[in-house]
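Take a look at the letters that make up each chain.
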Amino acid sequence: MALHFLLDDASDAQPGRTVVLTGAEAHHAATVRRVRVGEAVTIGDGRGAWATGTCTSVAPREVAVEIRHREDVPPPAPRLVLVQALAKGDRDELAVQAATELGIAEVVPWQAARSVSRWDAAKAVKGRARWTQIVREAAKQAHRAWVPEVSEASTSAQIAQRAAVTPTLVLEPGAAESLSTGMRELRDAPEILLVVGPEGGIEAAELESFAAAGALPVRLGDGVLRTSTAGPAALAAIEALLGRW
C-alpha cells in the first residue's frame, strides 16, 4: 500500500497539479520512509481530502508529488467518540493510538476520580498536545482520511452533561447488559460516546451520575480488560456491529 502523508492545506492537491511536502513531512518521506522518484503516495489533510499521486522529486527538505486523482471522503457515521480516562504510564496513550487506527472520530481525555495520572492546567496543555500527535501519526499509519479531534480534558460532571444529550455506553464489567445488546438501540444514532474508566475502575458515584444522565452501562464478556485494551476491543466490536467491518 502507498505511503500516506498529511498537509495542513490540501486545496491545491488537484489532478494535474504538483504539491510539495516540506518540513517534518518531507523529512519523514525522504529520510525515514525513503520514498523514491516514481513511487506512488497518497496525500490528505485529515479533513476528508484524499489524493493519490507520484513523487517527481525527492530531497530531505522538499518532496514534490504530481497529483493523479482526488476525492473528498465524507466523515464516518455514526460518529464514534472515545472518552478515555487518564491512566498511569502509557496505557491511556496506547488506548488512544489503537482507537485512532480503529476509526474513532474524537478522543476526550477524562480526569476520572480514580485516575492515577492527574493533569493540572499546564500538564493538560502538554497532555492534549501529546495525544494530538499520537492521533495524527496513528491516522497516517492507518491511512485514514479523517484525523480524530482531541478535545480538552473533561471532568466526570462534564462527561455526564454530554451523556445527557448524546447516546452513551459506559464500559463496566458488572453491567447487566452486554455491549452487543446495548448497541441494538444505537445503530441509527448520529453520534455514540464510549466511556472507558481508569485502572481502578469507575467510582460508584460516577456510574450513578452517568446513568442518571441516560448513559447505558455495558460489559465486554465475563472478564476484566485493562484500560489500554478495553476501549479498542469495544470499538472493534462496535465497528462490526455497525457493518463497517
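Quick notes on the rules
Residues numbered from 1 in each chain as written. Predicted model: local features only at pLDDT ≥ 70, side-chain atom pairs only at ≥ 80, totals over all residues. Heavy atoms only, no water. UniProt positions renumbered as here; feature names shortened; annotations may be inferred. Helix = DSSP H or I, 4+ residues; strand = E, 2+ residues; numbered from the N terminus. Phe/Tyr/Trp six-rings, centres within 6.5 Å; stacked < 30°, edge-to-face > 60°. Buried < 20%, exposed > 50% of the residue type's maximum accessible area, 1.4 Å probe, protein only. Right-handed = clockwise from strand over helix to strand, strands pointing away. Pairing = 2+ DSSP bridges. Axes fitted to C-alpha atoms, helices over the stretch in contact; angles between N-to-C directions. Contact = heavy atoms within 4.5 Å. Salt bridge = Lys/Arg side-chain N within 4 Å of Asp/Glu carboxyl O.

As named in an unreviewed UniProt entry, the protein chain is Ribosomal RNA small subunit methyltransferase E, taken from Microbacterium binotii. According to UniProt, the comment filed for the protein chain under the heading Catalytic activity (unreviewed entry) is "uridine(1498) in 16S rRNA + S-adenosyl-L-methionine = N(3)-methyluridine(1498) in 16S rRNA + S-adenosyl-L-homocysteine + H(+)". The record in UniProt for the protein chain states the following under Function (unreviewed entry): "Specifically methylates the N3 position of the uracil ring of uridine 1498 (m3U1498) in 16S rRNA. Acts on the fully assembled 30S ribosomal subunit."

Student: Explain unusual backbone geometry to me, and be specific about the residues and the numbers.
Tutor: The linkage connecting alanine 77 with the following residue, proline 78, adopts the cis geometry, with an omega of 0°. Turning to its location among the elements, proline 78 is positioned in the loop between strand 5 (62–72) and strand 6 (79–85). Its identity as a non-glycine residue notwithstanding, arginine 34 has a phi of 55°, on the positive side. On the secondary structure map, arginine 34 appears in the loop between helix 1 (23–32) and strand 3 (40–44). Its identity as a non-glycine residue notwithstanding, histidine 143 has a phi of 55°, on the positive side. Here histidine 143 lies in the loop between helix 3 (121–141) and strand 8 (149–150).

Student: Mind laying out the packing of aromatic side chains, listing which residues take part and the relevant values?
Tutor: Taken as a whole, this structure holds two aromatic pairs when the rule is applied. Note on tryptophan 119 and tryptophan 131: the rings are 5.4 Å apart at their centroids and 70° apart in plane angle, and the pair reads as edge-to-face. Of this pair, tryptophan 119 sits in the loop between strand 7 (106–110) and helix 3 while tryptophan 131 sits in helix 3, and the two are 12 residues apart along the sequence. There is no split in this pair, since tryptophan 119 and tryptophan 131 are both buried.

Student: Lay out the pairing of strand 7 with the relevant residues and their values.
Tutor: If a strand is regular, its side chains alternate between the two faces of the sheet. Across the five residues that make up strand 7, a large majority, five, are buried. Along strand 7, one buried face is formed by Glu106, Val108 and Trp110 and the opposite face, lined by Val107 and Pro109, is buried too. Crossover connection from strand 6 via helix 2 (residues 91–101) to parallel strand 7: handedness right-handed. Of the pairings in the sheet, the one linking strand 7 to strand 8 comprises two bridges and is parallel in character.

Student: So, the sheet that holds strand 2 (residues 18–22): which residues are in play, and what are the values?
Tutor: Taken together, the five strands give an open sheet; going across it, the order is 1-3-4-5-2, and neighbouring strands pair in mixed fashion. Edge positions in the sheet fall to strand 1 (3–6) and strand 2, since each of these pairs with one other strand and no more. Between one strand axis and the next, the sheet turns through 40° on average, direction left out of account. Sheet analysis places strand 2 next to strand 5, joined by five bridges and oriented antiparallel. Within strand 5, the position partnered with valine 20 by the bridge is alanine 64. Across the sheet, helix 1 touches strand 1, strand 2, strand 4 (49–58) and strand 5, and the angle it forms with strand 2 is around 90°.

Student: Before we move on, could you go through the UniProt feature "domain: Ribosomal RNA small subunit methyltransferase E PUA-like" (unreviewed entry) in the protein chain and cite the residues and values that matter?
Tutor: When the UniProt feature table is mapped onto this chain numbering, "domain: Ribosomal RNA small subunit methyltransferase E PUA-like" (unreviewed entry) sits at residues 21–67. As annotated, residues 21–67 has a helix share of 21% and a strand share of 49%, and its two end C-alpha atoms lie 12 Å apart.

Student: An account of the pattern of salt bridges is requested, with residue identities and associated values reported.
Tutor: Two side chains carrying opposite charge are able to pair once their charged atoms lie near each other. Under the criterion given, the structure shown has 15 salt bridges. One salt bridge in this structure joins arginine 47 and aspartate 45, with 3.7 Å as the shortest N-O distance. Taking the relative accessible area as the measure of exposure, arginine 47 reaches 47% and is therefore partly exposed. Aspartate 45 sits in the buried class, given a relative accessible area of 14%. Note that glutamate 191 and arginine 79 form a salt bridge whose closest N and O atoms lie 2.8 Å from each other.

Student: Let's hear about the sheet that holds strand 11 (residues 191–196): which residues, and what values?
Tutor: On the basis of which strands lie adjacent, the open sheet formed by seven strands has the order 8-7-6-11-9-12-10 and parallel pairing. Because the sheet does not close on itself, it has two edges, and the strands there are strand 8 and strand 10 (177–178).

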